[in-house]
Amino acid sequence: GAGVSQSPSNKVTEKGKDVELRCDPISGHTALYWYRQSLGQGLEFLIYFQGNSAPDKSGLPSDRFSAERTGGSVSTLTIQRTQQEDSAVYLCASSLGSSGGGAETQYFGPGTRLLVL
Amino acid sequence: AQSVTQLGSHVSVSEGALVLLRCNYSSSVPPYLFWYVQYPNQGLQLLLKYTSAATLVKGINGFEAEFKKSETSFHLTKPSAHMSDATEYFCAVSEGGSNFGNEKLTFGTGTRLTIIP
């Protein structure tokens, strides 16, 4: 079956511009996660959705970062006024979301590679 | 708070030799533990996970890991290395229990495995 898909696969933008990153989770998965992978910081959690709600957004690094999820499916991560330190690979993952706690397998997409010039 | 330490950012083994990648965790509650593999320009793929059942966990591609509570470790092993195993491996922890909101993964900094022909 189809896995997690993300678009665009690559994005180059200028400092100060806004960007939107999209994630399509596996069909039927109610839980969705965003992570960031960068050379300096490794893999970091950003935000977690259960359905359309975000019970954990503790990893968003600043108020320039926001995310939403509509229809319990597609999610977009928006970065406003991008800075060079935002350059990273943004990974999306989804899981069934049928049980609480962290035991479920998270299935990752290929990521969006963001470069801020 | 939980954390993961992967000892050795780079590990080299000869083809056919034992692979051992080390992971130690810190968690205030019984954890769930995961090993993910990342191939170039791809997302993360689950190798195996420990979710409080058997302490010796078998995964894909001949890998296995043993949860040792007394040592707070979850080391990854494979009896005989293959050239195709050369890539990056991440250990991750999530908070145990069944409460929604504890699902995020905290990752180690990764270990790059090189296989010597």
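A brief report on the enclosed structure follows. Just so it is clear, the structure is predicted and the values come from calculations on it, not from any experiment.

With that out of the way, let us pick up the interface of chain A and chain B. The interface is formed by 24 residues belonging to chain A together with 24 residues belonging to chain B. Of the roughly 1,900 Å² buried at the junction of chain A and chain B (both faces included), carbon and sulfur atoms supply 56%. Ranking the residues of chain A by area buried against chain B places A:Leu43, A:Gly102 and A:Phe108 at the top, with a combined share of 26%. Linking chain A with chain B are zero salt bridges, by the criterion used here. Linking chain A with chain B are seven residue pairs in polar contact (both at pLDDT 80 or more). Counting residues per element, the ones that place at least two in the side of chain A that touches chain B are strand 4 (31-38) and strand 5 (42-50) of chain A. When residues of the side of chain A that touches chain B are assigned to their parent elements, the largest contribution, four residues, is made by strand 5 of chain A. Here the residues of the side of chain A that touches chain B sort into nine nonpolar, twelve polar and three charged.

Right, let's talk about the nonpolar core for a bit. If you look at the biggest cluster of nonpolar residues, it comprises 25 residues, and the most contacted ones within it are B:Trp35, B:Leu48, B:Leu76 and B:Tyr89. Counting residues per element, the ones that place at least two in this core are strand 2 (10-14), strand 3 (19-21), strand 5 (31-38), strand 6 (44-50), strand 8 (64-68), strand 9 (73-78), strand 10 (88-95) and strand 12 (111-116) of chain B. Other than its neighbours up to four places away in sequence, B:Leu48 contacts B:Leu33, B:Phe34, B:Trp35, B:Val57, B:Lys58, B:Gly59, B:Phe63, B:Glu64, B:Ala65, B:Phe74 and B:Leu76. Counting 20 residues, the second-largest nonpolar core is a separate cluster that includes A:Ala31, A:Val89, A:Ala103 and B:Leu46.

Residues and elements named next belong to chain A. Note on placement: Arg64 falls in the loop between strand 6 (53-56) and strand 7 (65-69). Using a relative accessible area of 12% as the deciding quantity, one classes Arg64 as buried. Those residues within four positions of Arg64 in sequence are excluded, and the remaining contacts are Thr78, Ile79, Gln80, Arg81, Thr82, Gln83 and Asp86.

All names here are of chain B. Applying the stated criterion to the full structure yields six salt bridges over all chains. The salt bridge involving Lys58 is made with Glu64; its shortest N-O contact spans 2.8 Å. For Lys58, a relative accessible area of 61% puts it in the exposed group.

A separate point is unusual backbone geometry. With an omega dihedral of -10°, the bond running from A:Ser7 to A:Pro8 counts as a cis peptide bond. Positionally, A:Pro8 belongs in the loop between strand 1 (5-7) and strand 2 (10-13). You will see that A:Arg81, though not glycine, has its phi angle at about 50°, which is positive. Positionally, A:Arg81 belongs in the loop between strand 8 (75-79) and strand 9 (88-95). One non-glycine residue, B:Thr72, lies in the positive phi region at around 45°. Counting through the fold element by element, B:Thr72 comes out in the loop between strand 8 and strand 9.

What counts, and where the lines are drawn
Residues numbered from 1 in each chain as written. Chains lettered and ligands numbered in written order. Predicted model: local features only at pLDDT ≥ 70, side-chain atom pairs only at ≥ 80, totals over all residues. Heavy atoms only, no water. Contact = heavy atoms within 4.5 Å. Buried area = accessible area lost by both parts, 1.4 Å probe. Salt bridge = Lys/Arg side-chain N within 4 Å of Asp/Glu carboxyl O. Polar contact = N/O pair within 3.5 Å; in protein donor to acceptor, adjacent residues only side chain to side chain. Helix = DSSP H or I, 4+ residues; strand = E, 2+ residues; numbered from the N terminus. Nonpolar A, V, L, I, M, F, W, Y, C, P; charged D, E, K, R; others polar. Core = buried A, V, L, I, M, F, W, Y, C linked by side-chain atoms within 4.5 Å. Buried < 20%, exposed > 50% of the residue type's maximum accessible area, 1.4 Å probe, protein only.

Taken by themselves, the reported measurements are silent on function.
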